[in-house]
Amino acid sequence: MEAKQSNMLAFMRGPRQYVIPIYQRSYSWSTIQCQQLWDDIVRVATNENVPAHFIGSVVYINDGIYQVSAVPRLLVIDGQQRLTTVSLLLTALSEWLKNATGSAVTHTQVKNYYLINNDEVGELRHKLILTRGDQETFFSLVDDFPTPKDLSPRLMENFTFFKKCISESKLSSDDIYRGLSKLVIVDVSLDRNYDNPQLIFESLNSTGLDLSQSDLIRNYVLMGLQPEHQNRLYNRYWYPIEAQFGQEEYARQFDFFMRDYLTVKNDGQIPTLRDVYKMFKNYTRTSGLSIDELVADVHAQAMIYLHFLFPDNENDTQIRTLLDDIKTLKMDVAYPFLLEVFLDFEKGLLNREAIVEILKIVESYVFRRAIVGIPTNSMNKTFATLSRSLDKSRYLDSVRAAFLLLDSYRRFPDDDEFLLELVQKDVYNFRSRTYLLKKLENYNRKEPVNITEYTIEHIMPQNPLLSPEWRQMLGENWKEVQTRYLHTLGNLTLTGYNSELSDRSFIEKRNMQGGFADSPIRLNQRLRNIEFWNGETIEARAWEIANFAKEIWIYPALPKEVLDTFRLTDGESTDEYTLEHFEYLNGYSFELFELLRKQILNLDPSVREEPKKLYIAYKTTTNFVDIIPQKSKLLLVLNIPFDALNDPNNICRNIAKLGRWGNGEVEMSFSSANQVDYAIFLIKQSFDFHDDDL
C-alpha cells in the first residue's frame, strides 16, 4: 500500500481511467453532501490564507491486471462518491464555460483535462466509469447527449444543483476553478499481491463511512472473484435486483430484505440492522452453498420480497389486494413469515387458495390486535418464529393452528373480544381508520369506491354546542351520549358533501341532496330508513357493522379435535403440570428455587412460567431458560448459543451435541443461594438474546 497527499484536480488529470467495480453501490450522495462541498469550495476560493481543503481519500487497486493500454485502469475501492461528485461539478462548470467570456480556463480544457481521455476512443475515452445503473446517465451529461429514459435520479439532481449554484454564484468561473484547485485528497494505491482489498474496505467502513449493510454484503460476495465471474453474477442476479427495487428503494429497503432473508435462514433469529452483514458472513460459512448458489438464492427471494414492497407487481388480483392491504397496515414484521410461505408456494407445498387464506389470517391477526389495543412490540418475534410450529404436510391447518395456539400478549383476538372493542373504540382517531372504512365499504364489491374522494362524516355532529333539534333527539343526557359515541364506528360514515351536511339535523342530513338517502356509499344504505338518531341507534348500527367486519377480518376456523393434534409438540402431552409435580422441589431446594424464580419473573412482565413434565420453562416468545430440579441442586439449560454467552466464572458447559432435557445448548448447575445473582446474570443474557428489539 502506498499513501500520499495529492491535489484532487492533479490526481484526475492525465491519461487514466477510474473504474467503479460492479460490486460497489450506485452513486448515492444527495444535495446535502453536494451543498457541503460547494460551500467548502466557495469558502476557500477567494481566501488566500487557506492553501488547501481536505475532502477525504481515494483508495484504488493499481496493478497490471486492469491495464490494457497506455491508459491505466484503476479499480476504486473507496472514494466513488467524491470522484463522481467532483466530476459532476466539473461537468456543470464545463457546460457553463461554453457561453462564458474572459475566463482563464475554457470549456474544452475542463473537459479534456478531467472528464475524458481526449486521445482515446471507445471504452477508454471517459475517465470515470460508473456502475451499470449510473453510467449511461453520466456519459450523457459529460458528452452533452440526451439523457436516457432510465436515468439515474441522483446524478441528474446533483448535476442540476451544481448548474444552479454556478449560475447564481457571485463568484466568477475562475474563482470556482480556483476553489476546485485547492481540494486535496489522500491518494491510496493498493498492491494486489500484498494488500487485501476486502479487509481494507471493511476497515474503511468501520470508521463511519456511510455504507449500508447490503453494500457491504454485495462487496463481500463479489469483490474476491475474478472479473469475468463478477460480471456474470452481477449481471444475471444482482443488477436485476437493483433494477427491480429502483435506485431509491434499493437504498432504503434492501437492508430490510437482507434482515428478513437471514431471519428465515437462521431459524427465526432476527439480526439487528447493524448486524446484518456480520450474520450474512456467518451464514455463508455455514450454509454449504457456493457463491453462485448463494447469490441465486438471494435473487430468487428478493424477487418474492418485491411483491410485498410493490403489490402492483402481483398479477393475481386477489393476492395483489391482500398484499396492498398488508402494506397499508405497515405489517413489515410479517415479511419473514410470508417470505417462507411464498417460497413454499413456489415449491408446490401449498396452493393459491391456501396462500389467499394465509394472507387473510395474517392481515386479520394484525388488525384485530390493533383494534383490541394489544402492544405490537412482540410481533416481530412472533412472525419470525411462527414457521417453527408448522407441519408442512398439513400446511394450511398448521398455519391456522399456529395462530390459534398463540397465547397471552401474542394472542389472536377472538370474535367476542374483537367485536366488543370495535363497537366502543374511538376509531376516528385510530391510526388505520381510512383502511378500516375502505375495507368495510369495498368488501366483495365488484366496483370498488375510491374513498379518497370522500371525507369522514360524523352523523351526530362534533360541535359541542349542539342545536336544539339534536339535543331533543339525543335526549336529556345528550352531552353524555355525544361524549360516549361521537368518534365510535356507529356514528361515522363517508360522504362527498361534508360541508353541506355540516351540523344539520339527522333528518336533514338524510333527505337533502347528497344526503344519506341518495348516497352510493354502502355505509349509508341502512341510514335511509332510520327516523331518529340517538345512543341506541348508534350502538345498534355499530354492532351491525361489527358483525359484518368479522367476515372481513376472519378468525381461523379449525375443529377442536384437529387443533388438539397440533398441541402435541416435542413429545409433550396435553396434561397440565404444576410445581407440585416435581418431587425434588421441597425443603432447601424449594427455597433456592423460589429465590431464582422470583428474579426470573421480574425480568419483564412478558415472562411466563410453564411447568412441563420434565422441566419448568420460562419464556417470552420462546423458552430462554429451563430449570430441572434435581435431588441436591438445580440444573439450568439456557437457550443461547454457547459462543454468545459471557461466562467469566467459566461454570457453563456446551451441551449442543448432547442429549438433554430442556431447550438450549448451555448447561449450568448450582446448589447455593450465593450463586443466584450469578445465575441471573447468565439467564438475563439468554433473555436479552431473544428479547432484543429491532
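Residues numbered from 1 in each chain as written. Predicted model: local features only at pLDDT ≥ 70, side-chain atom pairs only at ≥ 80, totals over all residues. Heavy atoms only, no water.

A short note on the pattern of salt bridges
Under the definition given, this model contains 39 salt bridges. Close ionic contact of Arg-43 with Asp-40 constitutes a salt bridge, the shortest N to O distance being 3.8 Å. With Arg-43 and Asp-40 both in helix α2 (residues 31–45) and three residues apart, the pair spans about one turn of that helix. Arg-43 sits in the partly exposed class, given a relative accessible area of 43%. (Salt bridge = Lys/Arg side-chain N within 4 Å of Asp/Glu carboxyl O. Helix = DSSP H or I, 4+ residues; strand = E, 2+ residues; numbered from the N terminus. Buried < 20%, exposed > 50% of the residue type's maximum accessible area, 1.4 Å probe, protein only.)

Concerning the pairing of strand β3 (residues 53–61)
Summarising burial for β3: eight of the nine residues are buried, a large majority. Where β3 meets strand β6 (residues 183–190), seven bridges bridge the pair, whose relative direction is parallel. Bridging from a neighbouring strand, Ile-61 pairs with Leu-190 of β6. Pairing analysis gives three bridges linking β3 to strand β4 (residues 73–78), with the strands arranged antiparallel. Considered in β4, the bridge of Ile-61 is made with Leu-75. (Pairing = 2+ DSSP bridges.)

Some details on unusual backbone geometry
One non-glycine residue, Lys-330, lies in positive phi territory at about 55°. Examined against the element boundaries, Lys-330 turns out to sit in the loop between α14 (317–328) and α15 (335–346). The exposure class of Lys-330 is exposed, given its relative accessible area of 59%. One non-glycine residue, Asn-444, lies in the positive phi region at around 60°. With respect to the helices, strands and loops of the structure, Asn-444 is situated in the loop between α20 (433–442) and β7 (455–458).

Notes on the packing of helix α13 (residues 291–309) against α15
Orientation of α13 relative to α15, taken along the N-to-C sense of each, is 120°, at an axis distance of 10 Å. Relative to α15, the element α13 is oriented oblique. Judged by the twist between their axes, the crossing of α13 over α15 is right-handed. Taken together, the residues of α15 that come into contact with α13 (itself represented by Gln-301, Ile-304, Tyr-305, Phe-308 and Leu-309) are Tyr-335, Leu-338, Leu-339, Phe-342, Leu-343 and Glu-346. Of the residues in the contact of α13 with α15, the class split is nine nonpolar, one polar and one charged. (Axes fitted to C-alpha atoms, helices over the stretch in contact; angles between N-to-C directions. Parallel < 35°, antiparallel > 145°, perpendicular 65-115°, else oblique. Left-handed = near helix turned anticlockwise from the far one by under 90°. Contact = heavy atoms within 4.5 Å. Nonpolar A, V, L, I, M, F, W, Y, C, P; charged D, E, K, R; others polar.)

A few points about the sheet that holds strand β1 (residues 2–7)
Hydrogen bonds along the backbone pair up the strands of a sheet, which may run parallel or antiparallel. In space, the six strands of this open sheet follow the order β1-β6-β3-β4-β2-β5, with mixed pairing throughout. The open sheet has two free edges, formed respectively by β1 and β5 (128–129), since each of these has just one partner strand.

Observations regarding the side chain of Gln-17
Following the sequence through the fold, Gln-17 ends up in strand β2 (residues 17–19). Excluding anything up to four places from it in sequence, Gln-17 contacts Val-71, Pro-72, Arg-73, Leu-74, Asn-117, Glu-123, Leu-124, Arg-125, His-126, Lys-127 and Ile-129.

Structural notes on helix α18 (residues 395–404)
With nine of 10 residues buried, α18 is to be regarded as a mostly interior element. Restricting attention to buried positions, one finds in α18 the residues Tyr-395, Leu-396, Ser-398, Val-399, Arg-400, Ala-401, Ala-402, Phe-403 and Leu-404. Along its buried surface, α18 packs onto α15, α16 (352–372), α17 (379–385) and α26 (560–565).

Digging into the nonpolar core
Ranked by internal contacts, the top residues of the largest apolar core, which has 155 residues, are Leu-180, Phe-245, Phe-257, Phe-337, Phe-383, Phe-403 and Leu-440. A total of 11 residues in this core trace back to one element, the largest contributor, which is α16. Excluding residues within four positions of it along the chain, Phe-403 makes contact with Phe-337, Ile-361, Val-362, Tyr-365, Phe-383, Leu-386, Phe-412 and Pro-556. In terms of nonpolar packing, the next biggest core, distinct from the first, is built from 29 residues, Leu-592, Leu-596, Tyr-618 and Val-676 among them. (Core = buried A, V, L, I, M, F, W, Y, C linked by side-chain atoms within 4.5 Å.)

With respect to empty space enclosed by the protein
Evaluated as defined, the whole model comprises one cavity of 30 Å³ or more. Put simply, the largest cavity is a space of about 40 Å³. In terms of lining residues, the largest cavity is bounded by Met-12, Tyr-18, Leu-83, Ser-87, Lys-127 and Leu-128. Its residues assigned to classes, the lining of the largest cavity comprises four nonpolar, one polar and one charged. (1 Å grid on protein atoms, 1.4 Å probe; cavity = no way out; pocket = protein on both sides within 12 Å on 5 of 7 lines; lining within 4 Å. Points joined across faces, edges and corners; volume = space filled by probe spheres on them.)

Some remarks on the confidence of the model for the chain
Residues shown with low pLDDT carry predicted positions that ought not to be read at fine detail. Looking at the chain, the pLDDT average stands at 88 and 93% of residues meet or exceed 70. Between residues 570–574, whose pLDDT stays under 50, and residues either more than four places distant or in other chains, the model counts five contacts. (pLDDT = per-residue confidence, 0-100.)

Quick notes on the packing of aromatic side chains
Inspection of every chain in the model, using the stated rule, returns 40 aromatic pairs. Taking 6.4 Å as the distance between ring centres and 45° as the angle between the ring planes, the aromatic pair formed by Tyr-114 and Tyr-177 counts as tilted. On the criterion of sequence distance, the pair formed by Tyr-114 in helix α4 (residues 107–114) and Tyr-177 in helix α7 (residues 173–181) is long-range, its members being 63 residues apart. Accessibility expressed as a relative area gives 3% for Tyr-114, which makes it buried. For Tyr-177, a relative accessible area of 17% puts it in the buried group. A ring pair is formed by Phe-245 and Phe-254, whose centres lie 5.4 Å apart and whose planes are at 80°; its orientation type is edge-to-face. You can call Phe-254 buried: its relative accessible area is 0%. Put simply, the rings of Trp-238, Phe-245, Tyr-250, Phe-254, Phe-257, Tyr-261, Tyr-283, Tyr-305, Phe-308, Tyr-335 and Phe-342 touch in pairs and so form one group of aromatic residues. The positively charged end of Arg-13 is found above the aromatic ring belonging to Tyr-113, 3.5 Å away from the centroid. (Phe/Tyr/Trp six-rings, centres within 6.5 Å; stacked < 30°, edge-to-face > 60°. Lys NZ or Arg CZ within 6 Å of the ring centre and 35° of its normal.)

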